[in-house]
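# Structural overview for review
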Amino acid sequence: MSHTSIIKSALVSVYYKDNLEPIIKKLHSLGVKLYSTGGTLSFIEKLNIPVTAVDSVTTYPEIFGGRVKTLHPAIFGGILNRRDNASDQKEKTQHNIPDIDLVIVDLYPFEETVAAKASEADTIEKIDIGGISLIRAAAKNFKDVVIVSSRNDYAELLHLLETKNGSSDLADRKRFAAKAFATSSHYDTAIFNYFNQSEHIPQFKQSIQKAQVLRYGENPHQKGTFYGDLDAMFTKLNGKELSYNNLLDVDAAVNLIADFTEPTFAILKHNNACGVASRSSIHQAYVDALAGDPVSAFGGILIANRAIDLATANEVNKLFCEVVIAPSFDEDALALLKSKPNRILLVQNEMELPTSAFRTLLNGVIEQDKDLKTETALDFKQATVLAPSASETKDLLFANKLVKHTKSNTIVLAKNGQLLASGTGQTSRVDALRQAIAKAQSFGFDLSGAVMASDAFFPFPDCVEIADKAGIKAVIQPGGSIKDKESVDYCNTHGMSMVMTGTRHFKH
């Protein structure tokens, strides 16, 4: 049943007035009686359009600095009365309550106030009470009332008014009601999470309003959606839409590059780095990152922490890659890289990222702090008689950053600020090491003088023995095994250095 209703009266009380004028003028042209409060009342009056102040309906003034203005039975009765209920209509007439057929209300900018790091007092004042109550009331009574709870819906409302001449059907009202409850639930979630920063009530609540439907999920038979504001994170300069798998790789790339301050280029595939190098120039960093594994780099995700110049772009342009991310692109470099229309080029914007991560698991969700620990040389505990040299220490720090961002079990081999190879996602640490050695040797790398990093402790001395025989002479690992001494003793006997950090970096 369509249940068509004609809008004869409207309550308009909004914080944001942009794009409101055409709606007010259209409502006036349709003969709709307008009610309003405060700044919105003044806004409508300046348009020379008749409007009735809410306090003339309630016969009660706004009080407590505007904290209470619409919270009154005359207003909520006008919204909540059921037009087809004889008892409701009798009470409405008895108490002289006017119908309100359309409610246009938005909410105080609570999230924006929190983001601006306002004082607690100012933040609390931006918790909307009247607006959220009006939204819920109008949405509950969608059978009779249209609710518009966000300026993002003004265009849809205006289209409805213009095409249906001020009437609406049940489907229209129910759609607006669903959006309204999305608005109210999101708002309450934001308030709860603000308070829960200090209270730590063990409840999981997340709400993200922006969504982008993806071509598909991890595989073509799976649906996928990204919830978040990619436009805030990146400025897209070229290419097709990011896919589900692209987004996973981009996330891994952004997290990895954040640990480097010197000019660094990284190439990732399936969330793992296949090439990374830190150099004095971003051009050389790219050349050496690619040399780490030119085979896996095909179709990969590239990220740099310096501007991409023309010399670097010339090299990048020789490779088929899905995405290139950088803080900026020189004009001539950008023009060259745009020559391939599907190549996605992203400028990474400065923004604060979440410090926690969550994912669905079984019939619930698990949440944890992100692994934001990045060791320095001050965190090293020398475990062997021989200390690593200055150059080895630099490489140990480099390798340890990479091991943190590689799927477990993992071993990373590095030398002179370059990833030589990594063993990724293995069920055995020995297998991860053997995989890394075989891969490095397949690309012609000499492992003499290279360093080894492990994401977790060595349960047996076999890994340091295999590494030693491959030419590796410096090792970094968390430590913590009951057999640490056996690995340390082997290193001491064979002239190897080992440092322990005390921090495990599993990544699953």
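To keep things clear, this report deals only with the structure shown in the data block.

### Details of the pattern of salt bridges
- Tallied over the full model, the rule gives 25 salt bridges.
- The closest approach of N and O atoms between Asp99 and Arg83, which form a salt bridge, is 3.8 Å. Taken together, the positions of Asp99 in the loop between α5 (86–94) and β5 (102–105) and Arg83 in the loop between α4 (73–80) and α5 put the pair 16 residues apart, joining distant regions of the chain.
- When its relative accessible area of 23% is taken as the criterion, Asp99 is described as partly exposed.
- Three or more residues joined by partner-sharing salt bridges are found here, namely Asp153, Glu156, Lys164, Asp169, Asp172, Arg175 and Lys179.

### Section: the nonpolar core
- Judged by nonpolar contacts, the single largest core of 50 residues is most densely connected at Leu27, Leu34, Leu102, Val103, Ile104, Ile147 and Leu157.
- Here this core gets seven residues from one element, more than from any other, and that element is helix α10 (residues 170–199).
- Sequence-distant contacts of Ile147, defined by excluding residues within four places in its chain, comprise Val103, Ile135, Ala138, Ala139, Phe176, Ala177 and Ala180.
- Formed by 37 residues, the second largest nonpolar core is a distinct cluster that contains Leu256, Phe260, Phe380 and Ala453.

### A look at the packing of helix α18 (residues 462–470) against helix α19 (residues 484–493)
- The N-to-C vectors of α18 and α19 enclose an angle of 25°; their axes lie 8 Å apart at closest approach. As the angle between them shows, α18 and α19 are arranged roughly parallel. Relative to α19, the crossing made by α18 is right-handed. In contact with Val464, Glu465 and Asp468 of α18, α19 contributes Ser487, Tyr490 and Cys491.
- When grouped by side-chain class, the residues that make up the contact of α18 with α19 number three nonpolar, one polar and two charged.

### Quick look at the packing of aromatic side chains
- Following the criterion strictly, the structure yields nine aromatic pairs and no others.
- Note on Phe265 and Tyr286: the rings are 5.0 Å apart at their centroids and 65° apart in plane angle, and the pair reads as edge-to-face. Separated by 21 residues along the polypeptide, Phe265 in strand β11 (residues 264–269) and Tyr286 in helix α13 (residues 282–292) bring together distant segments of the chain. Neither residue differs from the other here; Phe265 and Tyr286 are each classed as buried.
- An aromatic cluster of three or more residues is present, and its members are Phe110, Tyr187, Tyr194 and Phe195.
- A cation over an aromatic ring shows up here: Lys205 above the ring of Phe192, its NZ or CZ 5.7 Å from the ring centre.
- The residue whose ring lies beneath Lys401 is Phe260, and the NZ or CZ to ring-centre distance is 4.8 Å.

### Regarding α4
- With six of its eight residues buried, α4 lies for the most part within the structure.
- Taken together, the buried positions of α4 are Ala74, Ile75, Phe76, Gly77, Gly78 and Ile79.
- As for α4, its buried residues are in contact with β2 (9–13), α3 (54–58), β5 and α8 (130–140).

### Details of unusual backbone geometry
- Cis geometry is found at the peptide bond from Ser408 to Asn409, where omega equals -15°.
- Relative to the helices and strands, Asn409 is located in the loop between α16 (390–404) and β19 (411–415).
- If you check the backbone angles, Asn165 has positive phi at about 55° while not being a glycine.
- When you line up the elements, Asn165 lands in the loop between α9 (154–164) and β7 (167–168).

### Structural notes on the sheet that holds strand β3 (residues 33–36)
- With parallel pairing, five strands are arranged side by side in an open sheet as β4-β3-β2-β5-β6. Here the strands that pair on one side only, and so sit at the sheet edges, are β4 (52–53) and β6 (146–148).
- Packed on one face of the sheet, helix α2 (residues 38–46) meets β2, β3 and β4 and runs near 140° to β3.

Each value, and the rule that gives it
- Residues numbered from 1 in each chain as written.
- Predicted model: local features only at pLDDT ≥ 70, side-chain atom pairs only at ≥ 80, totals over all residues.
- Heavy atoms only, no water.
- Salt bridge = Lys/Arg side-chain N within 4 Å of Asp/Glu carboxyl O.
- Helix = DSSP H or I, 4+ residues; strand = E, 2+ residues; numbered from the N terminus.
- Buried < 20%, exposed > 50% of the residue type's maximum accessible area, 1.4 Å probe, protein only.
- Core = buried A, V, L, I, M, F, W, Y, C linked by side-chain atoms within 4.5 Å.
- Contact = heavy atoms within 4.5 Å.
- Axes fitted to C-alpha atoms, helices over the stretch in contact; angles between N-to-C directions.
- Parallel < 35°, antiparallel > 145°, perpendicular 65-115°, else oblique.
- Left-handed = near helix turned anticlockwise from the far one by under 90°.
- Nonpolar A, V, L, I, M, F, W, Y, C, P; charged D, E, K, R; others polar.
- Phe/Tyr/Trp six-rings, centres within 6.5 Å; stacked < 30°, edge-to-face > 60°.
- Lys NZ or Arg CZ within 6 Å of the ring centre and 35° of its normal.
- Pairing = 2+ DSSP bridges.

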